[in-house]
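Chain and residue survey
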Amino acid sequence: MIAQDLKSALQTVCSELSERDSLDWPAYNCPIDGLIGVLKTLRDEHSFDMLVDATAIDNGEEASPRFTVVYHLFSTVNHGYVRVASDCADDVNPVAPTATGLWLGANWHERECFDLMGVRYEGHPDLRRILMWDEYPHHPLRKDFPLAGFDGEMWDEQIAEETGTKVKPAPM
């Protein structure tokens, strides 16, 4: 199926769906409230049966919308990819619906995105940090996170006591 036919088919599910600039595979912008319907249609009616990646883009503090969630899908039947992006409505506390009901593998992708970008996935069965420790107050892949990190107290008192050091930012 060519990109224009796929777009027309998806617009029956979400009329506001539009094409997204892409140099490789078809890509679409979808309003956040239509995201799950579009993803389900791609899986069930167009054979995009593999979730390759779920991630987010931080467009910068000055941008609105600031955060965009992106799903990369692959069809093991037709050997093609498609990308679907949705802007989060809230620039301070971004929220998106979970795709774990469609692909179980979305669990880990969305947890990583929550941990590193701060996007909360509504309805996610186990939304907790996957790389950073639970008490860590920041999201390291956001554009406002300093490249060298933050100078601060060691998060583990035992390590701080044994080493006698604080957390030191990386030399830049």
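Only a predicted model underlies this, so the values are computations on that prediction, with no experimental measurement involved. (Residues numbered from 1 in each chain as written. Predicted model: local features only at pLDDT ≥ 70, side-chain atom pairs only at ≥ 80, totals over all residues. Heavy atoms only, no water.)

**Focus: helix α3 (residues 106-117)**
What counts here: Here a helix means four or more residues in a row that DSSP labels H or I, a strand means two or more in a row labelled E, and each is numbered from the N terminus. Here the expected length of a helix is defined as 1.5 Å per residue gap, with one fewer gap than residues. In this scheme, a residue with accessible area under 20% of its type's maximum is buried, one over 50% is exposed, and one in between is partly exposed, where area comes from a 1.4 Å probe on protein chains only. Residue contacts are counted whenever heavy atoms from the two residues lie within 4.5 Å of one another.
With 12 residues, α3 should cover 16 Å at 1.5 Å per step; its first-to-last C-alpha distance of 15 Å lies within 8% of that length. Counting buried positions over the 12 residues of α3 gives 9, a clear majority of the element. A106, N107, E110, R111, C113, F114, D115, L116 and M117 are the residues of α3 that are buried. Buried residues along α3 sit against β3 (50-58), β4 (67-75), β6 (95-97) and β7 (120-122). Two residues or fewer past α3, G118 is found with a positive phi of approximately 85 degrees.

**Concerning the nonpolar core**
What counts is decided by this rule: We define a nonpolar core as any set of buried Ala, Val, Leu, Ile, Met, Phe, Trp, Tyr and Cys residues linked to one another through side-chain atoms lying within 4.5 Å.
One finds V38, L39, L42, V69, Y71, L73 and V119 to be the most contacted residues of the largest nonpolar core, which totals 30 residues. Elements that contribute at least two residues to this core include exactly α1 (3-11), α2 (35-46), β3, β4, β5 (80-87) and α3. If near-sequence neighbours (up to four positions away) are discounted, L73 is found in contact with L39, L42, F48, M50, L51, V52, G80, Y81, V82 and W103.

**Regarding the packing of aromatic side chains**
Aromatic ring pairs are defined here through the distance separating the ring centres and the angle between the ring planes. Quick note on the threshold: Note on ring pairs: Phe, Tyr and Trp rings are taken, using the six-membered ring of Trp, and paired if centres are within 6.5 Å. Classes follow the plane angle, with under 30 degrees stacked, over 60 edge-to-face and the rest tilted. Two limits define a charge over a ring: the Lys NZ or Arg CZ must be within 6 Å of the ring centre, and within 35 degrees of the ring normal.
Evaluation of the coordinates by the stated rule reveals 3 aromatic pairs. Geometrically, the ring pair formed by W25 and Y81 is tilted, given 5.4 Å between the ring centres and 55 degrees between the ring planes. Highlighted residues: W25 in the loop between β1 (18-19) and β2 (27-29) and Y81 in strand β5, separated in sequence by 56 residues. Judged by centre distance (4.7 Å) and plane angle (50 degrees), the ring pair of F74 and Y81 falls under tilted. Of the residues examined, F74 reaches a relative accessible area of 15% and is grouped as buried. Three or more aromatic residues link up through ring pairs in this structure, and these residues are W25, F74 and Y81. If you follow R111 out to its NZ or CZ, it ends over the ring of W108, 5.4 Å from the centre.

**Quick look at the pattern of salt bridges**
Using the following cut-off: Throughout this description, the term salt bridge denotes a Lys or Arg side-chain nitrogen within 4 Å of a carboxyl oxygen of Asp or Glu.
All chains considered together, the criterion is met by 9 salt bridges. Residue D126 pairs with R111 through a salt bridge whose shortest N-O separation is 3.7 Å. With D126 in the loop between β7 and α4 (157-163) and R111 in helix α3, this pair connects stretches of sequence that are 15 residues apart. Residue classification places D126 among the partly exposed residues on the basis of a relative accessible area of 27%. Each of K40, R43 and D44 takes part in one network of salt bridges that share partners.

**Here we look at the environment of H139**
Cut-off, in case you're wondering: We call two N or O atoms a polar contact when they sit within 3.5 Å, provided that within protein one can donate a hydrogen and the other can accept it, with sequence-adjacent residues counted only if both atoms are side-chain atoms.
With respect to the secondary-structure elements, H139 resides in the loop between β7 and α4. Look at H139 and you get buried, because its relative accessible area is 18%. In this structure, the C-alpha to C-alpha distance between H139 and V119, residues 20 residues apart in sequence, is 9.4 Å. Those residues in contact with H139 that sit more than four places away from it in its chain are F114, D115, L116, M117, G118, R129 and F145. From its side chain, H139 meets the backbone oxygen of F114 in a polar contact 3.3 Å long.

**Examining α2**
Basically, it comes down to this: The directions considered for the arc run from the helix axis to the C-beta atoms.
Taking 1.5 Å as the rise per residue, α2 with 12 residues should run 16 Å; its terminal C-alpha atoms sit 15 Å apart, in good agreement. Residues of α2 that are buried: L35, V38, L39, T41, L42 and H46. In a view along the axis of α2, the buried residues occupy a sector of 160 degrees, so they form one face of it. At the exit of α2 stands S47, carrying a positive phi of roughly 65 degrees.

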